[in-house]
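Secondary and tertiary structure notes
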Amino acid sequence: MAASPLISSSHFLSLSSKPNKPTPLPLLNFSHYKSLRPPKPISASLSASSPTTFTNNNRSKLLEHSGLCGFVLDRLLSFSLKNLQPVVVQWASLALALSVLVGNVDPSAAFVVTPARKLQSDELATVRLFQENTPSVVYITNLAVRQDAFTLDVLEVPQGSGSGFVWDKDGHIVTNYHVIRGASDLRVTLADQSTYEARVVGFDQDKDVAVLRVDAPKDKLRPIPVGVSADLLVGQKVYAIGNPFGLDHTLTTGVISGLRREISSAATGRPIQDVIQTDAAINPGNSGGPLLDSSGSLIGINTAIYSPSGASSGVGFSIPVDTVSGIVDQLVKFGKVTRPILGIKFAPDQSVEQLGVSGVLVLDAPANGPAGKAVRIGLQSTKRDAYGRLILGDIITSVNGKKVTNGSDLYRILDQCKVGDQVTVEVLRGDHKEKVPVILEPKPDES
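One numbering rule holds for all chains: residues counted from 1, following each sequence as written. Only residues with pLDDT of at least 70 are given local features in this predicted model, and only at 80 or more are side-chain atom pairs given and counted; all residues enter the totals for whole chains, interfaces and linings. Only heavy atoms go into the side-chain values, all of them from the structure, while hydrogens and water stay out.

Take the overall build of the protein chain next. When helices and strands are tallied, the protein chain shows nine helices and 22 strands. Three labels apply to residues, based on accessible area from a 1.4 Å probe with only protein chains included: buried if under 20% of the type maximum, exposed if over 50%, partly exposed otherwise in between. Looking at the protein chain as a whole, 41% of its 447 residues are labelled buried. Once local pairs closer than 6 in sequence are excluded, the contacts in the protein chain between residues at least 24 apart make up 61%. Surface summary for the protein chain: the accessible area is close to 24200 Å², and the carbon and sulfur share equals 54%. Secondary structure elements follow DSSP: runs of H or I no shorter than four residues count as helices, runs of E no shorter than two count as strands, and numbering proceeds from the N terminus. Whether two residues are in contact is decided by their heavy atoms, any of which lying within 4.5 Å being enough. Values of accessible area rely on a 1.4 Å probe in the Shrake-Rupley scheme; residue burial ignores everything except the protein chains shown.

Given below as structure tokens:
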């Protein structure tokens with residue numbers, strides 16, 4: 001069977017039953033009709049009316065059965081039939097012929113137009129939140145000095161990476177301490193991909209917070225809006241932005257799945273209280289990045305995940321911004337955090353449990369420390385006698401009347417105190433109890 005001839009749109013412009021110039025017709029864009037199939041026969045649908053007379057019934061039948069050609073007819077019939085009846089008849093004939101060439105078209109799929117993309121209001125809010133806060137999130141590269149075994153050349157090798165965010169226009173960057181730990185050099189990459197050398201302003205190992213500074217132009221620094229974490233509720237939406245696995249600016253969403261959790265600092269083992277638990281995916285590289293609420297305000301720093309495999313398992317933890325703000329302010333002003341200490345070393349909780357007692361067993365209380373300088377001999381350390389037998393030291397049972405059952409309790413109480421405060425430490429010494437007043441001192445500087 002011979003192939004059907006191609007019909008050019010220029011052929012239609014020359015068709016008219018009158019010798020004069022035909023009336024211009026509207027241009028038809030056929031590119032929208034992408035799912036054309038052959039139409040049904042229309043001979044049975046047309047009535048025996050005059051060729052120049054089209055009733056509404058016939059028009060609807062033409063549209064129903066002829067698909068694309070029905071559209072052509074309908075456009076033509078929308079003009080005044082009084083002046084264009086001959087032209088309409090000619091065009092209608094060609095439209096019907098075109099329907100024969102196309103074949104049968106299923107009327108249900110005759111006009112398939114791809115709709116414009118429309119986002120829901122919550123999607124638009126998420127997109128806007130990401131676009132507005134991404135300029136505040138940075139990528140941190142941790143470099144370490146390594147010596148080549150063969151050439152003995154000293155090289156800087158990336159040993160880790162993480163995220164952070166701009167705190168102020170002075171170039172202060174906030175991140176996790178474990179992101180920068182062990183670094184000989186640090187580099188910060190801003191959202192516009194410009195990279196700057198960073199220096200460490202200060203860090204708090206106990207709370208896993210660090211502050212860096214970069215000498216970047218102020219117009220490139222977009223401080224993140226700081227919110228509050230005291231009024232958070234389980235179930236509210238949260239958004240995490242970071243650079244997981246080195247991927248540039250990734251957004252994950254979820255809800256707050258728990259509040260007032262407690263995790264241990266990776267550096268010192270000291271507990272971090274009031275931690276936010278979220279199911280927003282947090283993977284390696286997200287550490288140090290911001291956790292935002294639905295208004296785009298900072299409510300926490302993504303710091304850890306609970307996962308045997310090292311990847312997100314739907315249980316992530318963020319340090320609350322109320323804790324972070326106080327730490328950052330001290331680090332920016334003084335370069336360190338003045339946190340009070342008793343000046344003791346104590347035994348692991350499991351060892352005390354095996355003794356059948358509740359409290360914190362003092363292993364060592366240096367004489368130059370707060371506990372060693374306390375009046376009435378101070379706290380007693382654990383030691384061995386001349387025969388090698390173990391003599392237990394004091395077991396701390398309470399501080400300022402607050403019960404102490406393990407090391408976390410002790411740290412939690414001390415976090416509520418200030419340097420210079422005098423606290424009353426109640427201890428179990430042998431078979432009797434003693435109360436020892438101790439003046440708290442600041443934690444020694446760390447290199």
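Topologically, His172 is positioned in strand E3 (residues 172-175). Residue class for His172 comes out buried when judged on its relative accessible area of 6%. Looking at His172, its side chain comes within polar contact range of the side chain of Asp168, at 2.9 Å. The residues touching His172, leaving out its near neighbours within four places in the chain, are Phe165, Val166, Trp167, Val201, Val211, Leu212, Arg213 and Val332. Contacts described as polar in this section are N or O atom pairs within 3.5 Å, which, within protein, must combine one atom able to donate a hydrogen with one able to accept it, while residues neighboring in sequence count only if both atoms come from side chains.

Tracing the chain through its elements places Asp293 in the loop between strand E10 (290-292) and strand E11 (298-305). A C-alpha to C-alpha distance of 9.2 Å links Asp293 and Leu232, two positions 61 residues apart in sequence. Residues contacting Asp293, with those up to four places away along its chain left out, are Leu129, Gln236, Lys237, Tyr239 and Ile299. Side-chain polar atoms of Asp293 contact the side chain of Ser295, separated by 2.8 Å.

Turning our attention to the packing of aromatic side chains. Only rings of Phe, Tyr and Trp enter the pairing, Trp through its six-membered ring, and a pair is recorded when the two centres are within 6.5 Å. The plane angle decides the type: under 30 degrees is stacked, over 60 is edge-to-face, the rest tilted. Using the criterion set out here, one finds three aromatic pairs in the structure. Between the aromatic rings of Tyr177 and Phe203, the centroid separation amounts to 4.9 Å while the plane-to-plane angle is 35°, which identifies the pairing as tilted. Remark: Phe203 occurs in strand E5 (residues 195-204) and Tyr177 occurs in helix H6 (residues 177-180); sequence separation between them is 26 residues. Grouping residues by exposure puts Tyr177 and Phe203 together as buried.

Further remarks concern the pairing of strand E21 (residues 432-439). Put simply, side chains in a regular strand alternate between the two faces of the sheet. Following DSSP output, two strands are said to pair if at least two bridges run between them. Bridge analysis of strand E20 (residues 422-429) against E21 gives eight bridges, and the strand direction is antiparallel. The residue of E21 that forms the bridge with Val427 is Glu434.

This paragraph deals with the pattern of salt bridges. Proximity of charged atoms lets side chains of opposite charge pair with each other. Any carboxyl oxygen of Asp or Glu within 4 Å of a side-chain nitrogen of Lys or Arg constitutes a salt bridge here. A full pass over the atoms with the stated rule returns 15 salt bridges. Arg270 is paired through a salt bridge with Asp206; the nearest N and O atoms lie 3.5 Å apart. With Arg270 in the loop between strand E8 (250-264) and strand E9 (271-278) and Asp206 in the loop between E5 and strand E6 (209-214), this residue pair connects regions lying 64 residues apart in the sequence. If you follow the salt bridges from partner to partner, you end up with Asp204, Asp206, Lys207, Arg270, Arg339 and Asp415 in one network.

Listed in full, the buried residues belonging to helix H9 (residues 407-414) are Gly407, Asp409, Leu410, Ile413 and Leu414. The buried residues of H9 occupy one face: seen down the axis, they fall within an arc of 160°. Where H9 is buried, its residues touch strand E13 (340-341), strand E14 (345-346), helix H8 (349-354), strand E15 (360-364), strand E18 (395-399) and strand E19 (402-403). Our arc is simply the arc of the directions from the helix axis toward the C-beta atoms.

On to unusual backbone geometry, then. Notably, Gln193 is not glycine yet its phi reads approximately 75°, a positive angle. Relative to the helices and strands, Gln193 is located in the loop between strand E4 (185-189) and E5. Although it is not a glycine, Arg260 adopts a positive phi angle of roughly 55°. Tracing the backbone through its elements, the reader meets Arg260 in strand E8. Exposure remark for Arg260: the relative accessible area of 65% places this residue in the exposed category.

For the rest of this paragraph, the subject is the pairing of E9. Buried residues dominate E9, accounting for seven of its eight residues. Both E8 and E9 contribute to a ladder of five bridges, which runs antiparallel. Note on E9: the bridge partner recorded for Ser264 is Pro271. Hairpin connection between E8 and E9: a loop of six residues separates the two successive antiparallel strands, and Gly269 in this loop has a positive phi of roughly 80°. Pairing analysis gives three bridges linking E9 to strand E12 (residues 316-320), with the strands arranged antiparallel. Bridged to Ile276 within E12 is Ser318.

Among the buried residues, those of types Ala, Val, Leu, Ile, Met, Phe, Trp, Tyr and Cys that are joined through side-chain atoms within 4.5 Å form a nonpolar core. Counting residues in hydrophobic clusters, the biggest one holds 25 residues, and the most contacted among them are Phe165, Val174, Val209, Leu298, Val324 and Val328. Elements with a minimum of two residues in this core: E6, strand E7 (237-242), E9, E11, E12 and helix H7 (321-334). The biggest single contributor to this core is H7, with five residues. In terms of nonpolar packing, the next biggest core, distinct from the first, is built from 21 residues, Ala374, Val399, Cys417 and Val427 among them.

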